[in-house]
Amino acid sequence: MWIAEKDDVVLVMEWWCDARYMGEYQDVMTKTLAEFEKIILENTTFYLIEKKDGVKIGHIAGWMIGRTMEIGFALIPSERGKGYGTEAIRLMVDYLFLTKDIVRIQVTTDVRNMASQRVLEKSGFVKEGTMRKYFYAKGDYRDHFLYSILREEWKEPKILTETTGKIK
Ligand SMILES: CC(C)(COP(=O)(O)OP(=O)(O)OC[C@H]1O[C@@H](n2cnc3c(N)ncnc32)[C@H](O)[C@@H]1OP(=O)(O)O)[C@@H](O)C(=O)NCCC(=O)NCCS
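First things first, this report covers the structure right here in the doc. Since this is a predicted model, take the numbers as computed values, not measurements.

## Thoughts on the packing of helix H1 (residues 9-16) against helix H3 (residues 33-43)
Describing two packed helices takes the angle between their axes plus the distance from one axis to the other.
Reasoning step 1: The contact between H1 and H3 brings their axes to 10 Å, and the two run at 105 degrees. Judged on the interaxial angle alone, H3 and H1 are roughly perpendicular. Within the contact between the two elements, H1 uses Val9, Val10, Val12, Met13 and Trp16 and H3 uses Leu33, Phe36, Glu37, Ile39, Ile40 and Leu41.
Reasoning step 2: Its residues assigned to classes, the contact of H1 with H3 shows 10 nonpolar, no polar and one charged.

Written out as structure tokens, the structure reads:
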């Protein structure tokens, strides 16, 4: 995981202007480079998902709402379905609860976005309910599910526990 820097903005801009990256449930973002810079470097906490060989394959963006951190995420199409999304979200949940004074992390996702829902469920998120006509995409208002994980549900850093076996 890598905190985005100015040099990363063009790569993220390329991703967000590409309908394949944004997926079936979100529109591409048409903004200027300056606007992208503001979103990535100022308005959000922006992480790039990196493979062990250093190749950047996706992003997780976070923004605060009171003491809740909301996140959004995506991977490049060629790296989907290999478990990276789940690994990245679980790692991010550990990192956020370990480093931020937050009580919960939340995500909203299109009710038809099964891959996203599966990643969230495998990462310990709980479905809270449906937000009707919450998000405008592809020419229509879409229903979203709201998912969250509370600090008391998280309890311990799971990725570190699994990878080192040292934290119990
Ligand atoms: C959502 C996303 C990040 C998931 O990342 P990923 O690396 O592909 O996810 P994983 O491989 O870790 O897990 C995907 C899970 O969804 C399941 N899945 C994928 N497509 C599915 C479908 N159409 N129906 C049911 N399950 C599906 C997979 O089987 C897997 O579950 P399993 O491990 O139980 O078999 C990725 O698909 C993506 O970038 N999508 C486009 C952008 C997007 O929708 N972002 C989320 C916005 S909230």
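## Some remarks on the pairing of strand S7 (residues 140-150)
Reasoning step 1: Across seven bridges, strand S5 (residues 104-110) lies against S7 in antiparallel orientation. Note that in S7 the partner of Thr108 across the bridge is Leu146.
Reasoning step 2: When strand S6 (residues 126-137) meets S7, the two strands line up antiparallel, connected through eight bridges. Note on S7: the bridge partner recorded for Ala137 is Asp140.
Reasoning step 3: Connecting S6 to the antiparallel partner S7 that follows it, the hairpin turn spans two residues, and Lys138 within it adopts a positive phi of roughly 50 degrees.

## Let's talk about the side chain of Glu79
Reasoning step 1: Within the secondary structure, Glu79 is located in the loop between strand S4 (68-75) and helix H4 (84-99).
Reasoning step 2: Overall, the relative accessible area of 10% leaves Glu79 in the buried class.
Reasoning step 3: Among the polar contacts listed, one links the side chain of Glu79 to the side chain of Lys51, at a separation of 3.1 Å.
Reasoning step 4: In terms of polar contacts, Glu79 uses its side chain to reach the side chain of Lys82, at 2.9 Å.
Reasoning step 5: For Glu79, the residues in contact, after removing those within four places along its chain, are Lys51, Ile57 and Tyr84.

## Here's the deal with the sheet that holds S5
Reasoning step 1: What the seven strands build is an open sheet, ordered S1-S2-S3-S4-S5-S7-S6; its pairing is mixed. Looking at which strands have only one partner, the edges of the open sheet turn out to be strand S1 (2-3) and S6.
Reasoning step 2: Contacts from H1 reach strand S2 (45-50) and strand S3 (56-65) within the one sheet, and its direction differs from that of S3 by about 90 degrees.

## A short note on the nonpolar core
Reasoning step 1: The biggest cluster of nonpolar side chains holds 39 residues, and the ones touching the most others in it are Trp16, Phe46, Ile71, Val93, Leu96, Ile105 and Phe125.
Reasoning step 2: Broken down by element, the residue count for this core peaks at six residues, all from H4.
Reasoning step 3: Here Trp16 is in contact with Tyr21, Met22, Val28, Met29, Phe36, Ile39, Phe46 and His59, once residues within four sequence places are set aside.

## Examining unusual backbone geometry
Reasoning step 1: Even without being a glycine, Lys133 presents a positive backbone phi close to 50 degrees.
Reasoning step 2: The topology assignment puts Lys133 in strand S6.
Reasoning step 3: A positive phi angle is found at Lys138, which is not glycine, with a value near 50 degrees.
Reasoning step 4: Mapped onto the fold, Lys138 is located in the loop between S6 and S7.

The rules behind these values
Residues numbered from 1 in each chain as written. Predicted model: local features only at pLDDT ≥ 70, side-chain atom pairs only at ≥ 80, totals over all residues. Heavy atoms only, no water. Axes fitted to C-alpha atoms, helices over the stretch in contact; angles between N-to-C directions. Helix = DSSP H or I, 4+ residues; strand = E, 2+ residues; numbered from the N terminus. Parallel < 35°, antiparallel > 145°, perpendicular 65-115°, else oblique. Contact = heavy atoms within 4.5 Å. Nonpolar A, V, L, I, M, F, W, Y, C, P; charged D, E, K, R; others polar. Pairing = 2+ DSSP bridges. Buried < 20%, exposed > 50% of the residue type's maximum accessible area, 1.4 Å probe, protein only. Polar contact = N/O pair within 3.5 Å; in protein donor to acceptor, adjacent residues only side chain to side chain. Core = buried A, V, L, I, M, F, W, Y, C linked by side-chain atoms within 4.5 Å.

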